[in-house]
Amino acid sequence: ADYTDLIDPLSLDEAYLDVTEDRLGLGSARAIAEDIRRRIREECRLTASAGVSYCKFIAKLASDHRKPDGLCVITPEKGPEFVASLPVARFHGVGPVTAKKMERLGILTGADLRDWSLPALQAKFGSSADWYWRIARGIDEREVKPDRPYKSVSAERTFDEDLRDPDRLT
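What you see is a predicted model; the values in this text were computed from it and never measured.

Undergrad: Honestly, the pairing of strand 1 (residues 7-11) in this entry has me stumped. Any pointers?
TA: On a regular strand, each side chain points to the face opposite its neighbour's, so the side chains alternate between the two faces of the sheet. The sheet contact formed by strand 1 and strand 2 (residues 14-17) spans 4 bridges and is antiparallel. In the strand pairing of strand 2, Pro9 is matched with Ala15. Counted along the chain from strand 1 to the antiparallel partner strand 2, the turn is 2 residues long.

Undergrad: Help me understand the layout of surface pockets, please; the structure alone is not making it clear to me.
TA: Gaps left between atoms show up when a probe the size of a water molecule is rolled over them. Reported here for the largest pocket is a volume of approximately 1400 Å³. Mapped onto the lining of the largest pocket, the elements with two or more residues apiece are strand 1, strand 2, helix 1 (29-44), strand 3 (50-53) and helix 2 (56-65). Residue contributions to the lining of the largest pocket peak at 9 residues, all from helix 1. Here the lining of the largest pocket is composed, by residue class, of 24 nonpolar, 6 polar and 14 charged.

Undergrad: I would appreciate a short explanation of the packing of aromatic side chains in the present structure.
TA: Remark: the centre distance and the inter-plane angle together describe each pair of aromatic rings, the angle taken between the planes. Under the criterion given, the structure shown has 3 aromatic pairs. When the centroid spacing of 5.3 Å and the interplanar angle of 90° are considered together, the rings of Phe57 and Phe91 count as edge-to-face. Taken together, the residues span a long stretch of sequence, with Phe57 in helix 2 and Phe91 in the loop between helix 3 (79-85) and helix 4 (96-104) at a distance of 34 residues. Owing to a relative accessible area of 2%, Phe91 belongs among the buried residues under this scheme. Note on Phe125 and Tyr132: the rings are 5.5 Å apart at their centroids and 85° apart in plane angle, and the pair reads as edge-to-face. For Phe125, a relative accessible area of 11% puts it in the buried group. One cation-aromatic arrangement involves Lys101 over Phe125; the distance from NZ or CZ to the ring centre is 4.8 Å.

Undergrad: Whenever I open this one, a positive patch on the surface confuses me. Can you help?
TA: A surface patch of like charges, here positive, comprises Lys100, Lys101, Arg104 and Lys124. The element that contributes the greatest number of residues to the positive patch is helix 4, accounting for 3 residues. With respect to the helices and strands, the residue Arg104 is situated in helix 4.

Undergrad: Sorry, what's going on with unusual backbone geometry here?
TA: Residues other than glycine predominantly adopt negative phi, and peptide bonds predominantly adopt the trans conformation. At the junction of Lys67 and Pro68, the peptide bond is cis and its omega measures out at 10° in the coordinates. Among the secondary structure elements, Pro68 is positioned in the loop between helix 2 and strand 4 (71-74).

Undergrad: So what exactly am I meant to see when it comes to the side chain of Asp35 here?
TA: Within the secondary structure, Asp35 is located in helix 1. Note on Asp35: relative accessible area 17%, which makes it buried. With sequence-adjacent residues up to four places away left out, Asp35 is seen in contact with Tyr3 and Leu26.

About the criteria used
Residues numbered from 1 in each chain as written. Predicted model: local features only at pLDDT ≥ 70, side-chain atom pairs only at ≥ 80, totals over all residues. Heavy atoms only, no water. Pairing = 2+ DSSP bridges. Helix = DSSP H or I, 4+ residues; strand = E, 2+ residues; numbered from the N terminus. 1 Å grid on protein atoms, 1.4 Å probe; cavity = no way out; pocket = protein on both sides within 12 Å on 5 of 7 lines; lining within 4 Å. Points joined across faces, edges and corners; volume = space filled by probe spheres on them. Nonpolar A, V, L, I, M, F, W, Y, C, P; charged D, E, K, R; others polar. Phe/Tyr/Trp six-rings, centres within 6.5 Å; stacked < 30°, edge-to-face > 60°. Buried < 20%, exposed > 50% of the residue type's maximum accessible area, 1.4 Å probe, protein only. Lys NZ or Arg CZ within 6 Å of the ring centre and 35° of its normal. Patch = residues over 30% accessible without salt bridge, like charges linked within 9 Å, V, L, I, M, F, W, Y side chains within 5 Å. Areas by Shrake-Rupley, 256 points an atom, 1.4 Å probe, with all protein chains shown as cover. Salt bridge = Lys/Arg side-chain N within 4 Å of Asp/Glu carboxyl O. Lys, Arg positive; Asp, Glu negative; His and termini not counted. Charge placed at Lys NZ, Arg CZ, Asp CG, Glu CD. Contact = heavy atoms within 4.5 Å.

If you want it as structure tokens, here you go:
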């Protein structure tokens with residue numbers, strides 16, 4: 001939150017940030033990502049990966065591309081070719097079942113997916129076809145939405161010390 005108010009959480013340890021406004025004057029999205037990673041390392045003693053790009057889909061792929069402790073920047077000029085080079089099984093929104101279906105159809109990479117027309121994808125994937133057609137071309141116009149409602153909330157309580165005796169656990 002020191003860097004932007006536009007934070008869209010993905011999970012406990014992952015979020016999209018829109019840093020179009022350079023609040024701290026660091027000069028670039030890359031510099032902001034480097035500073036965030038530095039602070040995580042210094043303050044939490046943890047590694048962090050960051051993906052910097054022009055859209056959420058490619059930023060996620062870029063972050064995953066340099067795990068566990070890296071930074072990957074994908075510019076708009078390089079976005080479509082970056083997507084084309086990757087296996088579709090790595091795409092956010094393509095689960096294991098869909099990846100297997102795509103594999104049976106000869107769609108192994110983003111380039112393979114990009115070769116399919118929208119009507120052909122619609123015939124095979126229905127309402128998801130538009131998403132697949134767009135991401136294969138590096139197109140994702142979803143905005144970073146900071147006020148998204150939470151889908152779940154959890155809490156837990158733990159014992160003061162670890163229990164190892166099975167009888168005490170019941």
